[in-house]
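Here is how the chains run, residue by residue.
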Amino acid sequence: MARVNMRAIVLLCLLHTASTNNLFSWDGPGRAAPEPGSDAGSACSTDKSSCGCCLMVRKTNQMKTYFDTTLTELENEFMKANQSLHTMKESRVAFTVSLYGRETIMCHGPFRDNRIVTYKDVLLNYGGAYNTSSGIFTVPHSGVYSLTVTIYSDAGSPGNMLAACATLQVNGKAVAGARDFNPNDQEDSATIVLALHLKAGDKVSVELTKGCFLCDDSSHYNTFSAFLLYLTE
Ligand SMILES: *[C@@H]1O[C@H](CO)[C@@H](O)[C@H](O)[C@H]1NC(C)=O
Ligand SMILES: *[C@@H]1O[C@H](CO)[C@@H](O)[C@H](O)[C@H]1NC(C)=O
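Values in this document were obtained by computation on a predicted structure and should not be read as measured data. (Residues numbered from 1 in each chain as written. Chains lettered and ligands numbered in written order. Predicted model: local features only at pLDDT ≥ 70, side-chain atom pairs only at ≥ 80, totals over all residues. Heavy atoms only, no water.)

**A few points about the site of ligand 2**
Right, so step 1: Residues in close proximity to ligand 2 include Asn131, Ser133 and Ser134, which together make up its full environment.
Right, so step 2: Separating an oxygen atom of ligand 2 from a side-chain N or O atom of asparagine 131 is a distance of 2.4 Å.
Right, so step 3: For ligand 2, whose free accessible area comes to 360 Å², the fraction covered by protein is 23%. (Near = heavy atom within 4 Å. Polar contact = N/O pair within 3.5 Å; in protein donor to acceptor, adjacent residues only side chain to side chain. Areas by Shrake-Rupley, 256 points an atom, 1.4 Å probe, with all protein chains shown as cover.)

**Digging into the state of the cysteines**
Right, so step 1: Tallied over the entire structure, the rule returns two disulfides.
Right, so step 2: Disulfide pairing is shown between cysteine 107 and cysteine 215; the S-S distance is 2.0 Å. Looking along the S-S bond of the cysteine 107-cysteine 215 disulfide, the torsion reads about 100°, which is the right-handed sense. Highlighted residues: cysteine 107 in strand E2 (residues 106–108) and cysteine 215 in strand E12 (residues 214–216), separated in sequence by 108 residues.
Right, so step 3: Using a relative accessible area of 38% as the deciding quantity, one classes cysteine 107 as partly exposed.
Right, so step 4: Paired through a disulfide, cysteine 165 and cysteine 212 show a sulfur-sulfur distance of 2.0 Å. One disulfide, between cysteine 165 and cysteine 212, carries an S-S torsion of -75° and so falls in the left-handed class. (Disulfide = S-S within 2.5 Å. Helix = DSSP H or I, 4+ residues; strand = E, 2+ residues; numbered from the N terminus. Buried < 20%, exposed > 50% of the residue type's maximum accessible area, 1.4 Å probe, protein only.)

Right, dumping it as structure tokens:
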């Protein structure tokens, strides 16, 4: 019996030595682990012979608390990041449409009034926010969007009036335009590129100015594109 006790004390002393050498000492980087409410401390003061063991228990408990707390924090952070990723995936919006996409060149217009251009050739309509019947892009989520319009026209022969004009509209109001109205060029093209803060429900379209006309074939000279850069509240 005495031998067994002796062995236990030797082991405890070894552990105690290890502990004082700081091999197992860890309060965690930059944060204090709560003191374990165990009996380790009090046992240490009443039973000197098992003091090393009690210190080990305390350190182990501190490490356990530290790792448990850290794991919980990491799990919470992961869930938040996963949720953000999910929201981003759910709100993806991107489209590119062109006027016709036909082999032979065809012109749209001129008309006596301003008219929304209905682009019929869909190259991409991710999220289905562009309506090919109405020509309107209805903003599904508030955010900052990149918008691009390219226009091209061909007067048919030299000396004819070239009239390539269109405006980008948000809720019926022009926010940017492109215009080339002259008899000196037979062909011309122009591009509008904007970053705009749009609200959910906003209606965005391209309007062909009265008297103007746009021409296109499978080269996709006339395109209307938008994609979400990032969401806002
Ligand atoms: C991430 O979030 C999505 C949507 O809430 C959920 O369906 C999925 O199970 C989550 N993934 C993990 C690993 O928690
Ligand atoms: C697209 O626009 C047409 C014409 O305005 C309308 O009848 C139709 O309901 C719209 N489609 C969608 C999916 O909103």
